[in-house]
Amino acid sequence: MLKPKKIALALPQISEQDTVSVNEALKANWVTSGGPFVAEFETKLKETLNTSRSIIALNSGTAALHLALTLTGVKRDDLVLCQTMSYVASANPIQYLGARPVFIDSEQDTFNLSPNYLKTAIEDCLEKGKLPAALVVVHSYGLPCKIEEIAKIASHYKIPLIEDAAEALGSRYKNKSCALFGDYGILSFNGNKIITTGGGGALICKSAEDAQRARHLASQSKIGQAGFEHDAVGFNYTMPGLNAALGMSQLKALNSHIEAKRNIHFFYKEVIAQIPGVELLEVPDDSYYSNYWLSCIRLNSQLLKNKSSEGLRKFLEQHEIESRFLWKPLHLQGIYENQEFYGGDVAENLWKSGLCLPSGSGLTAFDLNRIKDALLDYFFN
Ligand SMILES: *Cc1c(COP(=O)(O)O)cnc(C)c1O
């Protein structure tokens, strides 16, 4: 029998328009930093998010987080609160600065940071005589976290809030874009994010002064135009023009990518509804709007004997369908096992029982039906 074509978890979707846009940058010799494409990409991002806040295009989301933490003034041995259920890049920049991450568990409604454990953690840090220097909160898989409640807590204790919206471009809470609730918001345009610039990211600053400093730090803190003088130890974090050109055309496709991702989510919702003991991760109510970057399911081990996320992953793999576990909580990673953690086993259970299903915006109806058949086959046979 002919082997079916492999269905990937999420591939970047590159269009004819993308080729035209990148070619334009090449022909104009705007391949490197600066130039009209970067400025234009920043303007278009502002329009997309519907904000007057300054946005700085960078060469990765990780760089954006590093800059945000630098701007808050985080320094060696400071404590930085961080959501445990996330990709490792949410925490690594804390370590770059010699600060110590304090990990916080998730809650059951949005599967993101628990406001209750957050309060416990802050109170405990205060009792030990140290106010945390910053908070990194994440909208995992595009699902907005309880951002309003979290922002209130951060503001009550005067802790700078950094919103990691790397996966959440286009997601909203009460109709306001994710990445605009904190003092800093970050986006990523890596290969498998909802739009891609090849590699890239952006930093959104509430204060114009911070934005100016971020821009300066991102370009090696160079002063003047002609010489090589620098007034601080900066970084090489700016976005090249070539990437911005791709970003310009990708942004035009953002709405269609979101529509495709949401349709995939609602397709899975119908399939999963037929399978007892399996749940699709979704927004708790209408205040939340998710781009559903990746569709994730969770298996109830009490109801499903002899079935597991690992079993399903292998079964799908045999059918040439790629799936992936949810984030391994950061406090359980070897590199972070000695750091503080506040919470229970919410994120840990999600990791053990969850699976991300293929969610690329280029999936066809044929692909989706193949996945549906494989899912039903696994759970009912
Ligand atoms: C992708 C991602 C990042 C990092 O972005 P890069 O552009 O890959 O550096 C940070 N946080 C989260 C939650 C991400 O998914």
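See above for the structure.
Residues numbered from 1 in each chain as written. Predicted model: local features only at pLDDT ≥ 70, side-chain atom pairs only at ≥ 80, totals over all residues. Heavy atoms only, no water.

Engineer: Any details on the overall build of the protein chain? Residues and values, ideally.
Structural biologist: Within the protein chain one finds twelve helices and 17 strands. Relative to the compact-globule value of 21 Å for 381 residues, the protein chain shows a C-alpha radius of gyration of 21 Å, a close match. Along the three orthogonal principal directions, the C-alpha set of the protein chain runs to about 70 × 60 × 35 Å. When contacts within the protein chain are restricted to residue pairs at least 6 apart in sequence, those whose partners lie at least 24 apart make up 71%. When the accessible surface of the protein chain is totalled, it reaches about 17000 Å², and 50% of it is carbon and sulfur. (Helix = DSSP H or I, 4+ residues; strand = E, 2+ residues; numbered from the N terminus. Rg over C-alpha atoms; globule rule 2.2 N^0.38 Å. Contact = heavy atoms within 4.5 Å. Areas by Shrake-Rupley, 256 points an atom, 1.4 Å probe, with all protein chains shown as cover.)

Engineer: Lay out the site of the ligand with the relevant residues and their values.
Structural biologist: Every one of the 15 residues lining the ligand counts as a neighbour, but Thr-62, Asp-164, Glu-167, Ser-188 and Lys-193 are closest to it. The separation between an oxygen atom of the ligand and a polar main-chain atom of Gly-61 is 2.8 Å. Glu-167 is positioned such that a nitrogen or oxygen atom in its side chain is 2.4 Å from an oxygen atom of the ligand. A breakdown of the residues in the shell around the ligand according to their chemical character gives four nonpolar, eight polar and three charged. (Near = heavy atom within 4 Å. Polar contact = N/O pair within 3.5 Å; in protein donor to acceptor, adjacent residues only side chain to side chain. Nonpolar A, V, L, I, M, F, W, Y, C, P; charged D, E, K, R; others polar.)

Engineer: Describe the nonpolar core, with residues and values.
Structural biologist: Nonpolar side chains tend toward joint burial in soluble globular proteins. One finds Phe-41, Leu-45, Tyr-141, Leu-169, Leu-187 and Phe-189 to be the most contacted residues of the largest nonpolar core, which totals 43 residues. At the level of elements, helix 2 (36–49), strand 1 (54–58), strand 9 (201–205), helix 8 (241–252), helix 9 (254–273) and helix 11 (346–353) are the ones that each hand at least two residues to this core. Among the elements that take part in this core, helix 2 stands out by supplying five residues, more than any other. Leave out the neighbours within four places in its chain, and Phe-189 touches Phe-41, Leu-45, Leu-169, Ile-195, Thr-196, Thr-197, Gly-198, Gly-199, Gly-200, Gly-201, Ala-202 and Met-239. The next biggest cluster of nonpolar side chains, apart from the first, holds 34 residues, and it includes Ile-56, Ala-99, Cys-205 and Leu-217. (Core = buried A, V, L, I, M, F, W, Y, C linked by side-chain atoms within 4.5 Å. Buried < 20%, exposed > 50% of the residue type's maximum accessible area, 1.4 Å probe, protein only.)

Engineer: Explain helix 1 (residues 16–27) residue by residue, including any values.
Structural biologist: Spanning twelve residues, helix 1 covers 17 Å between terminal C-alpha atoms, matching the ideal 16 Å at 1.5 Å per step. Taken together, the buried positions of helix 1 are Asp-18, Ser-21 and Ala-25. Buried residues of helix 1, viewed axially, fall in a sector of 70°; they line one side. Opposite its buried face, helix 1 presents the exposed residues Glu-16 and Lys-27, each directed more than 90 degrees away. For helix 1, the capping residue at the N-terminal end is Ser-15, with a side-chain oxygen 3.3 Å from the backbone nitrogen of Gln-17. A positive backbone phi angle near 60° is found at Asn-29, which sits one or two residues after helix 1. (Expected span 1.5 Å × (residues − 1). Arc of directions from axis to C-beta.)

Engineer: So what's going on with the packing of aromatic side chains? Residues and values would help.
Structural biologist: According to the stated counting rule, one finds twelve aromatic pairs in the structure shown. Judged by centre distance (6.2 Å) and plane angle (85°), the rings of Phe-266 and Tyr-292 are edge-to-face. In this pair, Phe-266 sits in helix 9 while Tyr-292 sits in the loop between strand 13 (288–289) and strand 14 (295–299), placing the two residues 26 residues apart along the sequence. A network of ring pairs unites the aromatic residues Tyr-87, Tyr-141, Trp-293 and Trp-327 as a single cluster. Directly above the aromatic system of Tyr-378 lies the positively charged group of Lys-307, at a separation of 4.7 Å from the ring centroid. (Phe/Tyr/Trp six-rings, centres within 6.5 Å; stacked < 30°, edge-to-face > 60°. Lys NZ or Arg CZ within 6 Å of the ring centre and 35° of its normal.)

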